[in-house]
Amino acid sequence: MYVLPDKYRKGFIKMDNNRYSSNRPRRKVSRRTYRNRRLAALAIIAFLVLILIVLIANACADDNEKKPSDSKSGTTITTTTTVTDEAIPTTVTTTVASTVPKNDSDFKLDRQTISIMVGESDMPRVLEYPDGTVEDDERWTSSDKEIATVDDYGHITGVAPGVCYVILKSAADLSQEVWIKVTVRSELSDDETTTTNMPQSNRTEAPAPPVHDTEGLTYINGVLLVNKQYGVPATFEPKLEQICYDKFNELSTAAAKEGLSIYISSGYRSYSDQDRIYNNYIEDEKKKGNSESRAKEIVDSYSARPGYSEHQSGLCIDVNTIDDAFGYTPEAAWLAEHAHEYGFIIRYPLGKEDITGYQYEPWHIRYVGSKIADKIYKSGQCLEEYLNVG
Ligand SMILES: [Zn+2]
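Position numbers for residues start from 1 in each chain and track the written sequence from start to end. Side-chain atom pairs in this predicted model are given and counted only at pLDDT of 80 or more, local residue features only at pLDDT of at least 70, and totals for whole chains, interfaces and linings cover all residues.

Below, the discussion takes up the overall build of the protein. From N to C terminus, the protein includes eleven helices and 16 strands. Working definition of burial: number of other C-beta atoms within 10 Å of the residue's own, with buried at 20 or more, exposed at 12 or fewer, and partly exposed in between, all C-beta atoms being placed from the backbone. Relative to its 390 residues, the protein shows a buried fraction of 29%. The secondary structure listing takes helices from DSSP runs of H or I that are at least 4 residues long and strands from runs of E that are at least 2 residues long, numbered from the N terminus.

Shown next as C-alpha cells:
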C-alpha cells in the first residue's frame, strides 16, 4: 500500500484550500452582500428617522395638549377674577395677609381663612395658579388631620374643634405653597359668627400671627389663648397646671396673712365637664321660658361652650363664690390689687365685656406669669387687648 507522506498530504490539503479560496468567485458574493448591507443600512436609517418623527410628533402633541389647557385656565382666571373682585372687600385681603403664616406663592385664593363646624365642609377657590402650573398640579395636605382633613380637590372637612392649617402646593413647582387657616368649631350660632368675625378683622393690626402646636392650641407671644374664638381640642387634658396651683397657694397664703380667705372653687375642667355645665345652663334658661336660641344667647354671655372654656387650659381658677356679690368682698378687692404679683390677671374685667365676650367675673383669675400679669395690670387692658387680638 502506498501511503502519501505527511508533508505531501499537508501540501495537498493546503493546495486544495488555496485553490478553493482563490477559485471562489469572491466578488460576485461580495456585491450581493454589499447590496444587502446597503439595504439593511437604509432600513435602519429609515427606522431611526421614523422614531425621530414619532418623537417630534409626540412632543408637539404634548405642547398642543398643554397650550389649550393653559389658555383654558387663563380664561377661567380672567372670568373668575372679574366676577369675584367686586365681591371681595379689600379688608379681607389685609386680614388674610396678617393671619396666614406663609403665603409667598403665586397662588391666588378667594380666601385663606376657613371657619367650619365639626362635620361641615368648605373649599377655598383657587383663582390663579403660579406660572407653568395647572389645576392637576394641586396637592392638598392638612397640618393636623385630627382637626380637619382635606381631599385632592381642596374640600376641607372639620373633624374636631381646634385650629390647623391646610397647605396647598403645586406638584409642578414645589416652592409654590399657600397656607389656609382652618378653625373648626363644635357649634356655631348666627350670633357667634358675628363675634368671631370681629376680632379677625381687628387682627389686621396684630403684629404676630398665632402659632399653633401639634395639639391645635393657639399661642400668641407665648401665651396660650382660649376664648370664644380660639378653642382647644376635646382631647386636651392638662389638669390644673402645677405652676398655677403653686402660685395660687402663694397668693392664698399672702391673703391669709391679712386675714382674708381666698380658696379654689373651680380649677381645671375637662371638655366633658364643660359640656355638662353648658348644657345644664341651657336647660335652666329654657325652664325660665326662653327659647333654645335665646337660652344659648344668655348662657354664652357667662359660660363657655365645650372646647372654648379657659378652664380646660389648666391655667385658671375660680375663687370663692362664683357670684356677683363676690365683687363687693374685701377678698375681691385684694385679688384685684395683688393677683398680678403672683402671675395672675382678672381675666374678665369690668368694662371689657365686648372684647372678652364675658360678663365681669371678679372671681376668675388666669395665670400668665408675673411679667405679663404686671404689664396687663398696669395697662388696664384685658388679655385680648394685650395680645392684640380683640
Ligand atoms: Zn371661671
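This brings us to the sheet that holds strand S7 (residues 156–158). Two strands pair under a simple rule: DSSP has to find at least two bridges between them. Pairing is antiparallel in the open sheet, where three strands are placed in the order S3-S7-S6. Of all strands in the sheet, those with a lone pairing partner are strand S3 (121–122) and strand S6 (148–150), marking the two edges. With three bridges joining them, S6 and S7 adopt antiparallel strand pairing. Bridging from a neighbouring strand, Ala 148 pairs with Gly 158 of S7.

What follows deals with the environment of Ala 325. Looking at the secondary structure, you find Ala 325 in the loop between strand S14 (316–319) and helix H8 (330–338). Placed 37 residues apart in sequence, Ala 325 and Pro 362 show a C-alpha to C-alpha distance of 9.5 Å.

Among the structural elements, Tyr 271 can be located in helix H6 (residues 271–287). A C-alpha to C-alpha distance of 9.1 Å links Tyr 271 and His 311, two positions 40 residues apart in sequence. C-beta atoms are placed from the backbone for every residue, and two residues are taken to be in contact when these atoms lie within 7 Å. Every residue in contact with Tyr 271, bar those within four places of it in the chain, is listed here: Ala 234, Pro 306, Gly 307 and Gln 312.

Further remarks concern unusual backbone geometry. Unusually for a residue other than glycine, Lys 239 sits at a positive phi of about 60°. Counting through the fold element by element, Lys 239 comes out in the loop between strand S12 (223–224) and helix H5 (242–257). Under the C-beta neighbour-count criterion, Lys 239 is labelled exposed, with 10 such atoms within 10 Å. At Asn 388, a residue that is not glycine, the phi angle is positive and equals roughly 65°. For Asn 388, the position within the fold is in the segment after helix H11 (383–386). A tally of 16 C-beta atoms within 10 Å means that Asn 388 is categorised as partly exposed.

Among the nonpolar cores identified, the biggest contains 54 residues, and Val 182, Ala 339, Phe 344, Ile 345 and Ile 365 are the most heavily contacted of them. It is strand S8 (residues 162–170) that provides the largest number of residues to this core, a total of five residues. For the purposes of this description, domain bounds are those given by an automatic or database domain assignment. Residue contributions to this core reach at least three from each of two domains, namely domain 1 (79–192) and domain 2 (219–387). When sequence neighbours within four positions are dropped, the list of residues in contact with Ile 365 reads Cys 316, Ile 317, Val 319, Leu 335, Ala 339, Phe 344, Ile 345, Ile 346 and Arg 347. In this usage, the nonpolar core is the set of buried Ala, Val, Leu, Ile, Met, Phe, Trp, Tyr and Cys residues whose C-beta atoms join them within 7 Å.

What follows is about H8. Every α-helix winds through 3.6 residues per turn, so residues three or four apart in the chain are directed the same way. Where H8 is concerned, the buried positions are Glu 331, Ala 332 and Leu 335. Seen from one end, H8 has its buried residues packed into an arc of 100°, which puts them on one side. Pointing more than 90 degrees away from the buried face of H8 are the exposed residues Pro 330 and Glu 337. Of the surrounding elements, those touching the buried residues of H8 are H5, S14 and strand S16 (361–367). The arc in question is the one traced by the directions running from the helix axis out to the C-beta atoms.

Where H6 contacts helix H7 (residues 292–300), the two axes come as close as 9 Å, and the packing angle between them is 125°. One finds that H6 runs oblique with respect to H7. Here the hand of the crossing between H6 and H7 comes out right-handed. Contacts from Tyr 278, Tyr 281, Ile 282, Glu 285 and Lys 286 in H6 reach Glu 292, Ala 295, Lys 296, Ile 298 and Val 299 in H7. Every axis in this analysis is a line fitted to C-alpha atoms, fitted for helices over the stretch in contact. Angles between the N-to-C directions lie between 0 and 180 degrees. Just so you know how the angles are binned, under 35 degrees is roughly parallel, over 145 roughly antiparallel, 65 to 115 roughly perpendicular, and the rest oblique. Crossing handedness is read from the near helix: turned anticlockwise from the far helix by less than a right angle, it gives a left-handed crossing, and turned clockwise, a right-handed one.

Turning our eyes to something else, we now look at the confidence of the model for the protein. As a note on interpretation, predicted positions should not be read in detail where pLDDT is low. Per-residue confidence from the predictor is reported as pLDDT, a score between 0 and 100. Here the protein shows a mean pLDDT of 75. Residues at 70 or above account for 69%. Every residue in residues 60–100 scores below 50 in pLDDT, and together they form 34 contacts with partners more than four places removed in sequence or on other chains. Between residues 188–212, whose pLDDT stays under 50, and residues either more than four places distant or in other chains, the model counts 43 contacts.

Okay, the sheet that holds strand S13 (residues 264–266) next. Strand order across the open sheet formed by four strands is S13-S14-S16-S15, with antiparallel pairing between neighbours. Each end of this open sheet is capped by a strand with a single partner; those strands are S13 and strand S15 (344–348). Strand after strand, the sheet turns through a mean of 50° between neighbouring axes, direction not considered. Of the strand pairs in this sheet, S15 and S16 are connected by four bridges, and their pairing is antiparallel. Note on S16: the bridge partner recorded for Ile 346 is Ile 365.

Within the secondary structure layout, Ser 270 lies in the loop between S13 and H6. The exposure class assigned to Ser 270 is partly exposed, which follows from the 19 C-beta atoms found within 10 Å. Those residues in contact with Ser 270 that sit more than four places away from it in its chain are Glu 237 and Gln 312.

The next point concerns H6. Taking 1.5 Å of rise per residue, the 17 residues of H6 would be expected to cover 24 Å, and the 24 Å separating its terminal C-alpha atoms lies within 8% of that figure. Residues of H6 that are buried: Tyr 271, Gln 274 and Tyr 278. Taken around the axis of H6, the buried residues stretch over an arc of 65°, which confines them to a single face. Turned more than 90 degrees from where H6 packs its buried face, Ser 272, Asn 280, Glu 283 and Lys 287 sit exposed. As for H6, its buried residues are in contact with H7. Looking one or two residues past H6, Gly 289 carries a phi angle of roughly 100°, positive in sign. To estimate the expected span of a helix, count its residues, drop one, and scale the result by 1.5 Å.

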